[in-house]
Amino acid sequence: MPKITYIEHDGAVHTVEAELGSTVMETALRNDVASIVAECGGSCTCATCLVHVDETWFAVVGPPSAEEEEMLDTAFEVKPTSRLSCQIKVTEALDGLIVRTPAYQGR
Amino acid sequence: MSDTIKTDVLIIGAGPVGLFAVFELGLLDIKAHLVDILDKVGGQCAELYPEKPIYDIPGIPLITGHGLTEALMRQIKPFGPTFHLGEMVTAIENIGDPLFRVTTDAGKTFECKAVVIAAGGGSFQPKRPPIPGIEPYEEKSVFYAVRKIENFRGKRLLVVGGGDSALDWTLNLQPIAKRLTLVHRRDDFRGAPDSVNKMRALVAAGAMDLKIGQVSGLEGADGVLTAASIKGKDAVEHVECDAMLPFFGLTMKLGPVADWGLEMDDELIKVNTGTFETNKVGLFAIGDINTYTGKLKLILSGFHEAALMAQKAHHYVHPDKRLVFQYTTSSTSLQKKLGVA
């Protein structure tokens with residue numbers, strides 16, 4: 001199974017196994033990554049599962065869809081490599097992925 | 001607004017569980033009013049996933065949040081519930097045995113024999129931007145809603161966001177503002193194309209400013225804003241302003257529920273699982289907002305809780321009437337209430 005590393009704003013690091021086909025958001029919730037809120041449960045309607053994808057990984061993960069880009073408008077401290085983690089599906093290609101989580105998800 | 005509205009039961013929250021509570025109460029001849037902070041019914045189903053499929057409503061293999069809301073509204077129509085939308089319940093006072101006086105932020109007062117809290121994840125409130133030192137400015141120079149347009153006349157305004165709220169208020173406030181600046185993180189807007197075109201025309205005509213970036217700091221003193229820093233792609237810009245209006249959508253906050261003297265566990269209301277009554281007599285909590293051993297935050301659990309709540313609420317609303325359990329399939333009296341007999 002691919003491994004994903006979450007680096008939280010307070011420095012906490014979680015390297016966890018992710019199920020293929022699940023999302024980076026679901027994997028975070030399953031592994032108690034506290035700074036992922038995911039209020040809407042993965043519907044791409046709340047922007048409370050923001051992550052900053054590590055720059056070396058952004059090309060692999062790819063840019064957000066138009067729908068996701070619109071939701072990013074309601075997030076804070078959005079960077080060029082920011083994504084909503086509910087919209088990133090886990091694939092073999094993401095083995096080793098590193099994402100950072102913001103201090104504040106809007107609540 | 002000072003006239004007290006008398007009803008049997010007041011339901012706080014018009015999400016699926018609050019709506020279904022109208023049905024269960026209605027079968028027992030209990031009338032209900034509902035209050036919801038959103039300007040529409042459906043709660044999270046309407047706000048967070050109107051178009052997303054729900055697969056776990058018993059007997060309905062697939063329905064959207066919007067579809068479920070519509071179906072529930074049809075189901076409860078015979079009971080004629082009254083809705084008070086865009087309002088938040090701020091206080092619940094116990095004035096009898098049991099009798100409650102409930103007030104909303106719009107100044108309405110209700111008197112009822114039971115209160116049902118079906119508030120889900122709390123109330124949907126505007127997201128507050130994490131700008132350092134923003135707190136002292138809130139409600140003085142930083143506003144998440146426009147209550148009176150006149151308050152902004154002749155002022156230098158900063159509107160932040162890229163959706164319909166930001167664009168609508170930009171267009172409404174621009175004519176009366178001294179100068180209006182719209183700030184958005186990218187030069188693309190998700191709001192209605194017509195509003196976007198109107199805004200761009202104003203910018204082209206020099207009647208307002210558009211800055212691409214994110215607000216990173218505020219300047220001023222004692223809650224009086226004088227300027228904001230806007231972090232763009234390459235530089236930080238300084239924009240003078242008297243007021244800022246951020247529009248970043250809504251998020252769920254527990255809100256006033258925490259102040260009602262209820263026994264809580266981690267922001268959830270503890271209930272008796274036989275009646276879904278809280279530690280306060282006549283005050284019930286159903287749906288996502290409650291907690292008990294084995295609780296699952298499922299719509300179907302909330303429906304079950306609504307049915308049991310109604311049985312107990314009957315004691316308070318009709319203390320002199322004996323409650324006889326009946327089925328809608330066979331009871332003529334229930335069918336009459338539903339308008340099908």
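So, here is what we can say about the structure in this document.

How each quantity is defined
Residues numbered from 1 in each chain as written. Chains lettered and ligands numbered in written order. Predicted model: local features only at pLDDT ≥ 70, side-chain atom pairs only at ≥ 80, totals over all residues. Heavy atoms only, no water. Axes fitted to C-alpha atoms, helices over the stretch in contact; angles between N-to-C directions. Helix = DSSP H or I, 4+ residues; strand = E, 2+ residues; numbered from the N terminus. Parallel < 35°, antiparallel > 145°, perpendicular 65-115°, else oblique. Left-handed = near helix turned anticlockwise from the far one by under 90°. Contact = heavy atoms within 4.5 Å. Nonpolar A, V, L, I, M, F, W, Y, C, P; charged D, E, K, R; others polar. Phe/Tyr/Trp six-rings, centres within 6.5 Å; stacked < 30°, edge-to-face > 60°. Buried < 20%, exposed > 50% of the residue type's maximum accessible area, 1.4 Å probe, protein only. Core = buried A, V, L, I, M, F, W, Y, C linked by side-chain atoms within 4.5 Å. Buried area = accessible area lost by both parts, 1.4 Å probe. Salt bridge = Lys/Arg side-chain N within 4 Å of Asp/Glu carboxyl O. Polar contact = N/O pair within 3.5 Å; in protein donor to acceptor, adjacent residues only side chain to side chain. Pairing = 2+ DSSP bridges.

Attention now moves to the packing of helix H1 (residues 16–27) of chain B against helix H3 (residues 65–76) of chain B. Residues and elements named next belong to chain B. It is the contact of H1 with H3, at a shortest axis distance of 9 Å, that shows an interaxial angle of 15°. Comparing the axis directions of H1 and H3 gives the class roughly parallel. When the axes of H1 and H3 are compared, the crossing they make is left-handed. Together, Pro-16, Leu-19, Phe-20, Val-22 and Phe-23 of H1 and Leu-68, Thr-69, Leu-72, Met-73, Gln-75 and Ile-76 of H3 make up the contact between the two elements. Per-class residue counts for the contact of H1 with H3 are nine nonpolar, two polar and no charged.

All right, on to the packing of aromatic side chains then. Here the distance between the centres and the angle between the planes together describe a pair of aromatic rings. All names here are of chain B. Counted according to the given criterion, the structure contains nine aromatic pairs over all chains. On the numbers, 4.8 Å between centres and 45° between planes, the contact of Phe-20 with Phe-303 is tilted. Within this pair, whereas Phe-20 is found in helix H1, its partner Phe-303 is found in helix H6 (residues 299–317), the two being separated by 283 residues in sequence. The class of Phe-20 is buried, set by a relative accessible area of 12%. Aromatic side chains Phe-23 and Phe-79 sit 5.6 Å apart centroid to centroid with 85° between the ring planes, which places their arrangement in the edge-to-face category. Of this pair, Phe-23 sits in helix H1 while Phe-79 sits in the loop between H3 and strand E6 (82–85), and the two are 56 residues apart along the sequence. Residue Phe-23 shares its accessibility class with Phe-79, and that shared class is buried. Site record: aromatic cluster; members linked through ring pairs are Phe-20, Phe-23, Phe-79 and Phe-303.

Okay, the nonpolar core next. By size, the foremost hydrophobic cluster in this structure holds 69 residues, and its most contacted members are Ile11(B) and Ile117(B). Here Ile11(B) is in contact with Gly18(B), Ala21(B), Val22(B), Leu25(B), Ala32(B), His33(B), Leu34(B), Val35(B), Val116(B) and Ala118(B), once residues within four sequence places are set aside. Tyr6(A), Val24(A), Ile36(A) and Leu84(A) belong to the second largest nonpolar core, which has 30 residues in total.

Contacts between the two partners involve 20 residues from chain A, matched on the other side by 19 residues from chain B. Both faces considered, chain A and chain B share a buried interface measuring about 1,800 Å² in area, 49% of it formed by carbon and sulfur atoms. It is Glu39(A), Asp73(A) and Phe76(A) in chain A that bury the most area against chain B; as a group they hold 34% of the surface buried on that side. Taken together, the connections running from chain A to chain B amount to four salt bridges. Taking the shortest distance from any N to any O, the salt bridge between Arg185(B) and Asp73(A) comes out at 3.0 Å. Put simply, chain A and chain B have 15 residue pairs in polar contact (both at pLDDT 80 or more) between them. Here the side of chain A that touches chain B is built from residues that sort into eight nonpolar, five polar and seven charged.

Here we take up the sheet that holds strand E16 (residues 224–231) of chain B. Residues and elements named next belong to chain B. In space, the three strands of this open sheet follow the order E15-E16-E17, with antiparallel pairing throughout. The open sheet has two edge strands with one neighbour each: strand E15 (214–221) and strand E17 (236–240). Here the average twist between neighbouring strands, direction ignored, is 25°. Pairing analysis gives five bridges linking E16 to E17, with the strands arranged antiparallel. For Ala-228, the partnering residue across the bridge sits in E17 and is Val-239.

Take the environment of Leu225(B) next. Residues and elements named next belong to chain B. Relative to the assigned elements, Leu-225 resides in strand E16. The exposure class of Leu-225 is buried, given its relative accessible area of 1%. In sequence terms Leu-225 and Pro-98 are 127 residues apart; their C-alpha atoms lie 47 Å from each other. Here Leu-225 is in contact with Tyr-137, Ser-141, Leu-218, Glu-219, Gly-220, Cys-241, Asp-242, Ala-243 and Met-244, once residues within four sequence places are set aside.

Below, the discussion takes up the pattern of salt bridges. Tallying each qualifying case throughout the model produces 26 salt bridges over all chains. Across the pair Arg100(A) and Asp54(A) runs a salt bridge, and its minimum N-O distance is 2.9 Å. On the criterion of sequence distance, the pair formed by Arg100(A) in strand E5 (residues 97–100) and Asp54(A) in the loop between strand E3 (50–53) and helix H2 (58–61) is long-range, its members being 46 residues apart. Classification of Arg100(A) by relative accessible area gives partly exposed; the value is 36%. On the accessibility criterion, Asp54(A) (13% relative accessible area) is buried. Connected through shared salt-bridge partners, Glu69(A), Asp73(A), Arg185(B), Arg186(B), Asp188(B) and Arg190(B) make up one network.

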